[in-house]
Amino acid sequence: MKALQFSWLLSYLTVLTNALSLQDALQANGLSEFATKLQEVNPSLLSIPPGSSFIVYAPPNEAVTGNTTITRRAEDDDKNQTAQYQFMFANENAPVLGRRQAGGGSTTGSVFRTLLNDPEYVNLGPGKNQSVVQKGSVIFSGLGAKVNTLSADIPFDGGVIRPVDGFLTLPSTLSDTLPAIGLGVFKSALERTDLLQTLDETPDLTLLAPQNSALENTSCWWSDVKLTAAIKEQVLVDFPGYTPLLKNGASYSTLAGTRLTVVITDDGKISVGGAEILSGGNDVIVKNGVLHAVSGWATSSPPEQPSSTTAVVPSPTETPPPVEAAAVFNSKPTLHQLGFVVGFAAAVAAFGGF
């Protein structure tokens, strides 16, 4: 056994001794522009200690020279450029939340801590850097943006270089992210209930954001109290629930004080509290955690059924008049509107209904 251990150690040291530095490996593999920018922006990023386990997401030369976002940041300040390049460095051995592989009631993929620690882009709690999610060849970043791997990993003395087709997008607040990924109606609901700023500033959370159609069909007709309670149940607290970390049957606390349970089907579909995480809007990295677009309202209890005393319930053949959901969320009913509803109800009663 000792001989095997010694042989393994000797092989490891031989590989480590022969491996190139990060700068040399980038230059030798056609990624020279990325190496040059690292030297300009933050030379310390090129000095990863040998024997480390970093993943460096490196875009090709044309992506570096043609990146207008990076150019604009260069005109702003060095701090923003540093943040962009820190986000491209992931530590495989950082005490993240771990990694789960397919099978055993878990989803496939990995979550890595990056070197990004700028408070402008990170609010995950003390000592926690920003994370990225990788599932197969796709890496998930801010504002719903993704990049793809281009080729096999390239070893260097501090880990591996993973060539990708572009820069990861820096994370932003929920306020900026929701409309950017087509969930502006839910943002309007947060504004109506005065919860938007609170959720923007709460560290280490998961937001399950119902797709627009789910809100248009229900919450436009809800009171502020009911809407507020429903929204609080969409927030998992003290846990950024990136999909690779979700496990079948696990439950998590919400801002409403309830618990939502995860269900993962054999074909990999994930539901939290009965709301399915949509494949086109999952693992959106935000400043203070992660955002998932979901099919409807997540709930800790079965959906509420209409009571027999409900005053007005549209019949299956009736279609409510079209309503602009965002406008409803941003306004309160006027006395004139309430008077119209009361008058209409009285007329219905007087004529014995329709």
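Residues numbered from 1 in each chain as written. Predicted model: local features only at pLDDT ≥ 70, side-chain atom pairs only at ≥ 80, totals over all residues. Heavy atoms only, no water.

1. Some words on the overall build of the chain
Step number 1: Across its full length, the chain carries 13 helices and 17 strands.
Step number 2: Every one of the 354 residues in the chain was classed for burial, and the buried ones make up 43%.
Step number 3: Within the chain, residue pairs in contact and separated by at least 24 positions form 66% of the contacts whose partners lie at least 6 positions apart. (Helix = DSSP H or I, 4+ residues; strand = E, 2+ residues; numbered from the N terminus. Buried < 20%, exposed > 50% of the residue type's maximum accessible area, 1.4 Å probe, protein only. Contact = heavy atoms within 4.5 Å.)

2. Let's talk about the packing of helix 3 (residues 32–41) against helix 6 (residues 78–86)
Any two packed helices are characterised by the angle at which their axes cross and by the distance between the axes.
Step number 1: As a packed pair, helix 3 and helix 6 sit with axes 10 Å apart at the nearest point and diverge in direction by 135°. Comparing their axes, helix 6 and helix 3 come out oblique. Between helix 3 and helix 6 lies a crossing of left-handed hand. Seen from helix 3, the contacting residues are F34, K37, L38 and V41; seen from helix 6, they are Q81, T82 and Y85. (Axes fitted to C-alpha atoms, helices over the stretch in contact; angles between N-to-C directions. Parallel < 35°, antiparallel > 145°, perpendicular 65-115°, else oblique. Left-handed = near helix turned anticlockwise from the far one by under 90°.)

3. Comments concerning the nonpolar core
Step number 1: Counting residues in hydrophobic clusters, the biggest one holds 60 residues, and the most contacted among them are L22, L26, F34, Y57, F89 and I161.
Step number 2: Among the elements that line this core, the one with the most residues is strand 1 (residues 54–58), at 5 residues.
Step number 3: In this structure L26 touches L31, S32, F34, A35, L38, L46, A58 and I161, once residues within four positions along its chain are discounted. (Core = buried A, V, L, I, M, F, W, Y, C linked by side-chain atoms within 4.5 Å.)

4. Notes on the side chain of D118
Step number 1: If you trace the backbone, D118 turns up in the loop between strand 4 (109–114) and strand 5 (131–135).
Step number 2: Look at D118 and you get buried, because its relative accessible area is 8%.
Step number 3: Apart from the residues lying within four places of it in its own chain, the contact partners of D118 are K79 and A83.

5. Section: the sheet that holds strand 16 (residues 284–286)
Strand pairing in a sheet relies on backbone hydrogen bonds. The paired strands run either parallel or antiparallel.
Step number 1: Ordered in space as 11-10-17-16, the 4 strands form an open sheet in which the pairing is mixed. Bordering the open sheet on either side are strand 11 (235–237) and strand 16, each of which pairs with just one other strand. Strand-to-strand twist of the sheet, defined as the mean angle between neighbouring strand axes without regard to direction, takes the value 25°.
Step number 2: Of the pairings in the sheet, the one linking strand 10 (residues 205–210) to strand 17 (residues 289–294) comprises 6 bridges and is parallel in character. When the sheet's bridge partners are listed, A209 is paired in strand 17 with A293. (Pairing = 2+ DSSP bridges.)

6. With respect to the sheet that holds strand 13 (residues 259–264)
Step number 1: In space, the 4 strands of this open sheet follow the order 12-13-14-15, with antiparallel pairing throughout. The outermost strands of the open sheet, each flanked by one partner alone, are strand 12 (251–253) and strand 15 (275–276).

7. Examining the environment of Q81
Step number 1: Among the structural elements, Q81 can be located in helix 6.
Step number 2: Looking at Q81, the relative accessible area reads 6%, which means it is buried.
Step number 3: Considering only alpha carbons, one finds Q81 and V41, 40 residues apart in sequence, at a separation of 6.6 Å.

8. Side note on the side chain of S175
Step number 1: Counting through the fold element by element, S175 comes out in helix 7 (residues 174–180).
Step number 2: At 2.3 Å, the side chain of S175 and the side chain of D200 are in polar contact. (Polar contact = N/O pair within 3.5 Å; in protein donor to acceptor, adjacent residues only side chain to side chain.)

9. Some points on helix 6
Step number 1: Counting buried positions along helix 6 gives 7 out of 9 residues, so the element sits mostly inside the fold.
Step number 2: Turning to helix 6, its buried residues are N80, Q81, T82, A83, Q84, Y85 and Q86.

10. Section: the confidence of the model for the chain
Step number 1: Per-residue pLDDT for the chain has a mean of 82; in total, 73% of the residues score no lower than 70.
Step number 2: Here residues 303–328 scores under 50 on pLDDT; set against residues more than four positions off or in separate chains, the count is 12 contacts. (pLDDT = per-residue confidence, 0-100.)

11. Section: the pattern of salt bridges
Step number 1: Applying the stated criterion to the full structure yields 6 salt bridges.
Step number 2: Across the pair K135 and D283 runs a salt bridge whose closest N-O atoms are separated by 2.9 Å. Of the two residues, K135 is situated in strand 5 and D283 in the loop between strand 15 and strand 16; the sequence distance between them amounts to 148 residues.
Step number 3: The buried category is assigned to D283, whose relative accessible area is 1%. (Salt bridge = Lys/Arg side-chain N within 4 Å of Asp/Glu carboxyl O.)

12. Details of helix 3
Step number 1: Of the residues making up helix 3, those classed as buried are F34, A35, K37, L38 and V41. Axial view of helix 3: buried residues confined to an arc of 165°, hence all on one face. (Arc of directions from axis to C-beta.)

13. Observations concerning the environment of D24
Step number 1: Note on placement: D24 falls in helix 2 (residues 22–28).
Step number 2: In this structure the C-alpha to C-alpha distance between D24 and A35, which are 11 residues apart in sequence, comes to 8.6 Å.

14. Observations regarding the packing of aromatic side chains
Step number 1: Scanning the model with the defined rule gives 6 aromatic pairs in all.
Step number 2: Measuring from centroid to centroid gives 5.6 Å for F34 and Y85, while their planes differ by 35°, and the two rings are tilted. Of this pair, F34 sits in helix 3 while Y85 sits in helix 6, and the two are 51 residues apart along the sequence.
Step number 3: On the accessibility criterion, F34 (0% relative accessible area) is buried.
Step number 4: Given a relative accessible area of 0%, Y85 falls into the buried group.
Step number 5: Centroid distance F239 to Y252: 4.4 Å. Interplanar angle 0°. Geometry classified as stacked. On the criterion of sequence distance, the pair formed by F239 in the loop between strand 11 and strand 12 and Y252 in strand 12 is long-range, its members being 13 residues apart.
Step number 6: By relative accessible area, F239 is classed as buried at 17%.
Step number 7: A relative accessible area of 15% means that Y252 is categorised as buried.
Step number 8: Aromatic ring contacts, followed pair by pair, group F34, Y85 and F167 into a single cluster. (Phe/Tyr/Trp six-rings, centres within 6.5 Å; stacked < 30°, edge-to-face > 60°.)

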